[in-house]
Amino acid sequence: MTIQTTHSSNSPAAQQPAMPVENIIAIKDLSVKFEVAGGFVFGLKNVNVSVPRGQIIGIVGESGSGKSTLIYTLTQLMAENAVIDSGSADMDGEDLLAKTPRQMQQLLGQDIAMIFQDPMTSLNPVFSIEKQMTDIQYRLNLSYSEKKQRAIDALTRVGIPNPELRLPRFPHEFSGGQLQRICIAMALMAKPKLLIADEPTTALDASLEVQIIDLLKELQAEIGCSMIFVSHHLGVVGTLCDYTVVMYHGDVVEQGPTVDVFNNPQHAYTQRLLACDPARIKEPTKRLPTMSSEGTEHIAIPSGSYLASQLTEQNTHPENSAEHLLDIDELRIRFPIQSKLAALISGNKDPYLHAVKGVSLTLDAGETLAIVGESGSGKTTVAQAILGLNQPWSGKIHFQGKELLSMEAKARGKTRRDIAMMFQDPISSLSPRMKIADLITEPLVIHGLPFDSRAQEAKRLLGMVGLPLDFANRYPHQLSGGQARRVGVARALAQSPKLIVADEPTAGLDVSVQGEILNLLNQLQEDLNIAILIITHNLNIVRHVADRTLIMNMGDIVEQGETQGIFANPQHSYTKQLLAANVHPDPV
Amino acid sequence: MSELTQTSEQSIAAVAQVAKDNTVTHVLVDTFRRLIKKPLGLMGLILVSTIVLSALFASVIAPYDPIALDILNRLKPPSSEHWLGTDQLGRDTFSRVLYGGQIALQVALSSIALALGFGLLLGLLAGFGPRWLDNLILTLFDMVRSFPTIIFALAVVTLTGPSVSTIILVVVITSIPIYGRVVRTQTQALAQQEFILAERAMNASMPRILFRHMLPNVIGQLLILASMDIPIVITIEAGLSFLGLGIQPPTPSWGSIINDGYSFIRNTPWPIIAGGLPLIITTLGFTFLGESLRDIFDPKLRKDV
């Protein structure tokens, strides 16, 4: 592999372009398997990866492709049932895999530092940032005030305002973006030779993602360390990394300089992966390509199912065009942040958090509306209000002409037969002690709808969403994210709703599975004339699937209209900012 | 997507399996089958059935009348005639242990089962119900726990008179808060989770959410707690009997055997050993059983799916 110094001109390697690349990490023929009941499952198969000194290497692949297994093997943080079958991982000529736990302890946090996916949970909630940041300097022979000063300097460097004042604070007093900055500061304080970042931007909003990536790039160049950056987000890897490694089912299918991998992919999997990225598809399309197809396959509504019985009925009863299916008028939702008594005593006249400040929207049958906003914009709160999961303060929600908020609880419950919700986290929204067959047919049981047998109905629904039928006997924790998402779709569709509210339907999915889920929803929408409300911050998919888009910020609607219009010509400054923050899919 | 294709025979079998899996008898048979496959579960099952059977058939197995006195042979060490020796009145300890098992199991099993049931119900309601109900139930729990068990028992005995059912009543009332609190805390944590929100979004009824979705998730921990409570309940029974508030002499109970032995510890250790042994076997047996059942009920810990 010859070095391509595309944009890391600060790195030491770049100053001597004639020299062959010196690798800080050389992984050779690494195979890792997991011990499971009745045998082994391969996690990594003969992986060969090198990390050049002072460069950033990106590892991409779908969930389960082995990218996490690879970095956890390097740091000896593997799951208990993992067994290293063969191979070595040399760091500066010493095999990391042969090190004792004690030797490893010397390396981690000193020569190798890590940044984890979720900054909210990777800091200890009961200790202050000061305590945690001084504590990790235990190797240094410095006084407490010197350690504290180093912590302040590190926080200043990563852009935390007023670090002296913020240092004694606790993790819950910081936002997600700030916490990730703190994690980066902690990781880089020891000036490591190698920084490992495991999906460090996945839990963050799009605009924060760009900031964190810029910060990482700057700091990496400043310290001159090497970096392994794991992500399933192609755009991020394309922007940040010098080299790209593509993994699939425990294999490295392709690796090389990022520009080559992105512009001239050799392996069929990489080509498909890039083709599936909605951000790279210029023309808006409702049918996204997937790993297995161009998105043109047709999913049949299984005959004999409850859904099929609704199919004919709905097509013969067209919606009254004068009336919207869903009509939300001036919806306001607030949550108390202080008790009434405490507010009275402290003289606080408005002891509420105003989550939604007067949102109005309409949605017709067969239409897709996207609500886009960052976390905290109130988009999920609106969705939950439609389902009756919170108590709006004022406003009206008309569904099929009936006002929901003034309804009695029982009558309101009955309307839920026509509204289904897909939750953000596909696995934790499934009851953990129930089998998939019971889970997907539960809506039919709850609403007392006619169906011949639970087992038969489960079989039809599983077939429809493209899952093998023996999944009926599985439990939620045995599913992958994409499989659980399909179960979520089956469950939402079982009762044949008129409206599906989908909260981040693509969160945590890699691009090809994203396409499969969206195509599935789209086709069933066409067949059954369902209205879909998508709540998301993923602008790349909104551009393709939504008819209309509504941008929310801090509980307000800042802009709404036809999706293509908004993307082509954003009016509001916030919308422009949001669109600009969307990471560009191609390498620079 | 080759993994997604499979033959239709397999799928029909899978669907038939789901239908079969949902019958009560099948669940029981399945649980038993899994239990005896686990070394710990089998061990627990053997220990528990030994204790239960020997208590049930005490009148058949016991070589002597448990209350027949033989003053000449008092405080004897184990021999071929008296397998576990004799007590201070010359009664055969082995026979007393067998008969004592009847009282011990009667008190321990029934009071723990009742306390578990009520604690579970109240805990679920407190954890998932409205705030005022939570406050009310917790206040009740705190009130009950603020009485020392013995003082509370004295009050109850004054009202109802000493008997086995008095002991059960006292134990049930004082143990409900322990189970209730554990269930409440777990229920509250579960109520925040997305799958409960998903059930509410589907308009699932409160009983459905509580008993179909919450209950299976909290029962595992409770089984462990309950098995470890069995010796505690048996010692409470012994303590109350010692104060003359529970089982009246000469009726044998494990508690009274240990207590009597304690008074004569300078003469012989055998009554204490004889009374303590079944207590150890019972505790171990139920703990093994509880732990194995928890693993079986939790699909994440169940390894063979």
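Quick caveat: nothing in here was measured; it's all calculated off a predicted structure. The written sequence of each chain sets the order in which its residues are numbered from 1. Whichever chain is written first is A, and whichever ligand is written first is 1; the rest continue in order. Per-residue local features are limited, in this predicted model, to residues with pLDDT of at least 70; the limit for side-chain atom pairs, both in listing and counting, is 80 or more; totals at the level of whole chains, interfaces and linings are taken over all residues.

Considerations on the overall build of chain A
Numbering goes from the N terminus for both helices and strands, where a helix is a DSSP run of H or I of at least four residues and a strand is a run of E of at least two. Each helix and strand in chain A was counted, giving 22 helices and 20 strands. The reference for a compact globule is 2.2 Å times residues^0.38; the radius of gyration itself is calculated from the C-alpha atoms. The C-alpha radius of gyration computed for chain A amounts to 26 Å, which stays within 12% of the reference 25 Å derived for 588 residues, consistent with globular compactness. With respect to the three principal axes, the spread of C-alpha positions in chain A is 75 × 65 × 50 Å. Three exposure classes are used, all based on how many other C-beta atoms lie within 10 Å of a residue's own C-beta (placed from the backbone): buried at 20 or more, exposed at 12 or fewer, and partly exposed between those limits. By the burial criterion, 47% of the 588 residues in chain A qualify as buried. A residue pair is marked as a contact if its C-beta atoms, positioned from the backbone, fall within 7 Å. Restricting to contacts in chain A with at least 6 residues of sequence separation, those with at least 24 account for 70%.

Points about the overall build of chain B
Per the secondary structure count, chain B includes twelve helices and zero strands. Walking chain B from its N terminus toward its C terminus, one meets helices and strands in the order α-α-α-α-α-α-α-α-α-α-α-α. Dimensions of chain B, computed from C-alpha atoms along their principal axes, come out at roughly 85 × 50 × 25 Å. Counting only residues that meet the buried cut, chain B has 39% of its 305 residues in that class. Long-range pairs, those at least 24 residues apart, make up 68% of the contacts in chain B with a sequence separation of at least 6.

Considering the pairing of strand 6 (residues 112–115) of chain A
Residues and elements named next belong to chain A. Burial along strand 6 is two-sided: Ile-112 and Met-114 facing one way and Ala-113 and Ile-115 facing the other are all buried. Pairing analysis gives four bridges linking strand 6 to strand 7 (residues 194–198), with the strands arranged parallel. When the bridges of strand 7 are listed, Ala-113 appears paired with Leu-195. Paired strands, in this sense, are two strands between which DSSP finds at least two bridges.

Things to note about the packing of helix 5 (residues 93–128) of chain B against helix 8 (residues 164–191) of chain B
Residue and element names in this part refer to chain B. For every element, the axis is a line fit to its C-alpha atoms; helices are fit only across the contacting stretch, and the angle between N-to-C directions ranges from 0 to 180 degrees. Put simply, helix 5 and helix 8 touch, their axes get as near as 5 Å, and they point 35° apart. In the packing of helix 5 onto helix 8, the handedness of the crossing is right-handed. Residues are sorted three ways: Asp, Glu, Lys and Arg are charged, Ala, Val, Leu, Ile, Met, Phe, Trp, Tyr, Cys and Pro are nonpolar, and all the rest, Gly among them, are polar. Looking at the contact of helix 5 with helix 8 residue by residue, the classes come out as 21 nonpolar, ten polar and two charged. In this scheme, a crossing is called left-handed if the near helix is turned counterclockwise away from the far one by less than a right angle; it is called right-handed if the turn is clockwise.

Concerning the nonpolar core
Definition of nonpolar core: a set of buried Ala, Val, Leu, Ile, Met, Phe, Trp, Tyr and Cys residues joined via C-beta atoms within 7 Å. If you look at the biggest cluster of nonpolar residues, it comprises 147 residues, and the most contacted ones within it are Ala-490, Val-501 and Leu-533 of chain A. Among the elements that line this core, the one with the most residues is helix 5 of chain B, at 17 residues. One finds Ile-71, Leu-204, Ile-213 and Val-230 of chain A within the second-largest nonpolar core, a separate group that totals 72 residues.

Points about the sheet that holds strand 2 (residues 39–52) of chain A
Residues and elements named next belong to chain A. Ordered in space as 2-1-4-5, the four strands form an open sheet in which the pairing is antiparallel. Across the chains shown, the open sheet's two edge strands, defined by having one partner strand only, are strand 2 and strand 5 (94–95). With two bridges joining them, strand 4 (residues 82–91) and strand 5 adopt antiparallel strand pairing. Along strand 5, the bridge assignment pairs Met-91 with Glu-94. Here helix 2 (residues 67–74) sits on the sheet in contact with strand 1 (23–36), strand 2 and strand 4, set at roughly 75° to strand 2.

A short note on unusual backbone geometry
Residue and element names in this part refer to chain A. Located in the positive-phi region is Lys-191, a residue other than glycine, with phi close to 50°. Among the structural elements, Lys-191 can be located in the loop between helix 7 (176–189) and strand 7. Although it is not a glycine, Glu-504 adopts a positive phi angle of roughly 45°. The residue Glu-504 is located in the loop between strand 17 (499–503) and helix 19 (511–528) in this model. A residue is classified by how many C-beta atoms lie within 10 Å of it, and Glu-504, with 19 of them, is partly exposed.

Remarks on the environment of Leu-105 of chain B
Residue and element names in this part refer to chain B. Within the secondary structure layout, Leu-105 lies in helix 5. Here Leu-105 falls in the buried class, since 20 other C-beta atoms lie within 10 Å of it. When the C-alpha positions of Leu-105 and Ile-234 are compared, they lie 8.4 Å apart, and in sequence the two are 129 residues distant. Apart from residues lying up to four places away in sequence, Leu-105 is in contact with Val-52 and Ala-55.

Some details on the sheet that holds strand 6 of chain A
Residue and element names in this part refer to chain A. The six strands lie next to each other as 6-7-8-3-9-10, forming an open sheet whose pairing is mixed. Both outer strands of the open sheet, strand 6 and strand 10 (251–257), are each paired with one neighbouring strand and no more. When the angles between neighbouring strand axes are averaged without regard to direction, this sheet yields 15°. Where strand 9 (residues 243–248) lies against strand 10, six bridges are found, and the strand directions are antiparallel. Within the sheet, the bridge partner assigned to Val-245 lies in strand 10 and is Gln-255. Sheet strands in contact with helix 7 are strand 6 and strand 7, and its direction is about 175° off that of strand 6.

Overview of the confidence of the model for chain A
Residues and elements named next belong to chain A. One number per residue, pLDDT, summarises how confident the predictor is, and it ranges from 0 to 100. Per-residue pLDDT for chain A averages 84, and the proportion of residues at 70 or more is 92%. Looking at the elements of chain A, mean pLDDT is at its lowest for helix 1 (residues 12–15), recorded as 42, and at its highest for strand 13 (residues 368–372), recorded as 93. Here residues 1–19 scores under 50 on pLDDT; set against residues more than four positions off or in separate chains, the count is 32 contacts.

Points about helix 8 (residues 206–223) of chain A
All names here are of chain A. Expected helix span is given by 1.5 Å per residue-to-residue step, counting one fewer step than there are residues. The end-to-end C-alpha distance of helix 8 is 26 Å, a good match for the 26 Å that 18 residues give at a rise of 1.5 Å each. Among all positions of helix 8, only Ala-206, Leu-208, Glu-209, Val-210, Ile-212, Ile-213, Leu-216 and Gln-220 are buried. Gly-224 sits one or two positions beyond helix 8 and adopts a positive phi of about 75°.

As for the packing of helix 7 of chain A against helix 8 of chain A
Residue and element names in this part refer to chain A. Two elements in contact, helix 7 and helix 8, have axes whose closest approach is 11 Å; the angle formed by their N-to-C orientations is 15°. Relative to helix 8, helix 7 is oriented roughly parallel. Every pair of crossing elements has a handedness; the one defined by helix 7 and helix 8 is right-handed. On the side of helix 7, the interface is formed by Gly-177, Gln-180, Arg-181, Ile-184 and Leu-188, while helix 8 contributes Leu-208, Gln-211, Ile-212, Leu-215, Leu-216, Leu-219 and Ile-223. A per-class count over the contact of helix 7 with helix 8 returns eight nonpolar, three polar and one charged. For classification purposes, an angle smaller than 35 degrees is called roughly parallel, one larger than 145 roughly antiparallel, one from 65 to 115 roughly perpendicular, and anything else oblique.

A few points about the confidence of the model for chain B
Residues and elements named next belong to chain B. Here chain B averages 82 in pLDDT, while 91% of its residues score no lower than 70. The least confident element of chain B is helix 1 (residues 8–21), whose mean pLDDT is 52; the most confident is helix 6 (residues 131–146), at 92. This model gives residues 1–8 a pLDDT under 50, and the stretch forms five contacts once residues within four places in sequence are excluded. Overall fold confidence for the complex sits at a pTM of 0.77, while the interface term, ipTM, reaches 0.74.

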